[in-house]
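Architecture and fold: a report
One-letter residues, chain by chain:
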Amino acid sequence: MFNGKTFLVTGASSGIGAALCERLPALHAAVVAVSRRAVAAVRHLQCDLSDAAQVSELTALLARQYRHLDGVILCHGYGDFGALEEFSEARIRRLIDTNFTSAVLLVRACLPAMKRRRSGDVVLLGSEAGLKGGRRGAVYCAGKFALRGLAQSLREECAARGVRVSVVNPGMVDTAFFDGLDFAPGESADNALNAEEVAQTIVAILAMRPGAVVDEVNLSPLKSVIRNKRGAD
């Protein structure tokens with residue numbers, strides 16, 4: 001399906017990014033994986049995307065050596081929730097810089113080459129939290145709303161140069177995202193998506209003919225149930 005194409009995938013060592021790193025090579029695509037931990041069977045660029053200095057080094061490398069990318073799929077990010085007044089300045093900056101600012105910088109590094117070739121894909125992993133704000137999610141939701149704004153603006157800027165921009169907004173996905181949080185999806189299979197389902201959706205977006213774009217897609221589990229892990233202890 002993707003013979004000869006090369007995709008950059010961030011957040012590649014777990015969850016949706018890891019699922020893509022398995023699925024894309026099976027479809028004859030090359031993958032350049034970005035994560036803190038190494039990823040087997042694909043080319044790996046180590047980077048902690050919460051670290052501004054490491055992000056700066058990575059973006060310089062991408063702009064200099066990775067001008068052949070056919071797509072940039074940004075799956076990295078983490079969750080941090082609480083009342084706004086509970087967040088220190090450093091905590092706010094780390095969450096926004098990881099979930100949003102690093103995405104802007106990575107796209108900025110890769111976009112010029114795709115525009116020059118007049119082809120390419122940018123896929124941003126948003127969230128249902130980018131569609132509607134929720135209590136204890138002010139900072140996290142703000143970052144996801146910002147990603148949607150980025151995608152919508154880039155969509156307008158890039159169409160004339162043949163570059164497609166999409167955003168995928170999943171509901172709760174059964175991944176390690178919830179490991180450090182005090183809540184998780186309910187335990188029933190219909191209370192959460194799985195990473196492979198989201199990866200499959202992203203692959204379908206990439207497989208569209210060049211003249212067609214999926215601007216935005218929302219995915220949800222059949223039943224949205226939140227389990228309070230503290231209450232279960």
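Notes on the structure follow. (Residues numbered from 1 in each chain as written. Predicted model: local features only at pLDDT ≥ 70, side-chain atom pairs only at ≥ 80, totals over all residues. Heavy atoms only, no water.)

1. A look at the overall build of the protein
In plain terms, the rule: Each helix is a run of DSSP H or I of at least 4 residues and each strand a run of E of at least 2, with the numbering of both proceeding from the N terminus. Only the C-alpha atoms count toward the radius of gyration. The rule for a globule is 2.2 Å times the residue count to the power 0.38. Burial classification: accessible surface area is computed with a 1.4 Å probe over protein chains only, and a residue below 20% of its type maximum counts as buried, one above 50% as exposed, and the rest as partly exposed.
Counting its regular elements, the protein contains six helices and nine strands. Over its C-alpha trace the protein gives a radius of gyration of 17 Å, about what one expects of a compact globule, namely 17 Å for 233 residues. Principal-axis analysis of the C-alpha atoms gives the protein an extent of 55 × 35 × 35 Å. Residues classed as buried in the protein amount to 49% of the 233 residues present.

2. Quick notes on the side chain of N191
Inclusion rule: For this analysis, a polar contact is any N or O atom pair within 3.5 Å, provided that within protein one partner can donate a hydrogen and the other can accept it, and provided that sequence-adjacent residues contribute only side-chain to side-chain pairs.
For N191, the location among the structural elements is in the loop between strand 7 (183-185) and helix 5 (195-207). A relative accessible area of 6% places N191 in the buried class. Side-chain polar atoms of N191 contact the backbone oxygen of K223, separated by 3.3 Å.

3. Points about the nonpolar core
The condition is simple: Remark: nonpolar core denotes a set of buried residues (Ala, Val, Leu, Ile, Met, Phe, Trp, Tyr, Cys) joined through side-chain atoms within 4.5 Å. Any two residues whose heavy atoms approach within 4.5 Å are treated as being in contact.
Formed by 31 residues in total, the largest nonpolar core has its most connected members in L8, L45, L58, L62, L111, V122 and L124. Among the secondary structure elements, those contributing two or more residues to this core are strand 2 (30-35), helix 2 (52-65), strand 4 (71-74), helix 3 (89-117), strand 5 (120-125), helix 4 (138-158) and strand 6 (163-170). By residue number, the principal contributor to this core is helix 3, which donates seven residues. Among residues more than four places away in sequence, those in contact with V122 are V72, V107, L111, M114, V163, R164, V165 and S166.

4. Quick look at the sheet that holds strand 3 (residues 43-46)
This is how the line gets drawn: In this scheme, strands are said to pair when DSSP sees at least two bridges between them. Simply put, an axis is a line fit to the C-alpha atoms, just over the touching stretch for a helix, and the angle between two N-to-C directions goes from 0 to 180 degrees.
Ordered by their spatial adjacency, seven strands build an open sheet running 3-2-1-4-5-6-8, and the pairing between neighbours is parallel. In this open sheet, the two edge strands, each paired with only one partner strand, are strand 3 and strand 8 (216-219). When strand polarity is set aside, the average angle formed by the axes of neighbouring strands in this sheet is 15°. In this structure, strand 6 lies alongside strand 8, joined through four bridges in parallel fashion. Within strand 8, the residue paired with N169 across the bridge is N218. Across the sheet, helix 5 touches strand 1 (6-10), strand 4, strand 5, strand 6 and strand 8, and the angle it forms with strand 6 is around 160°.

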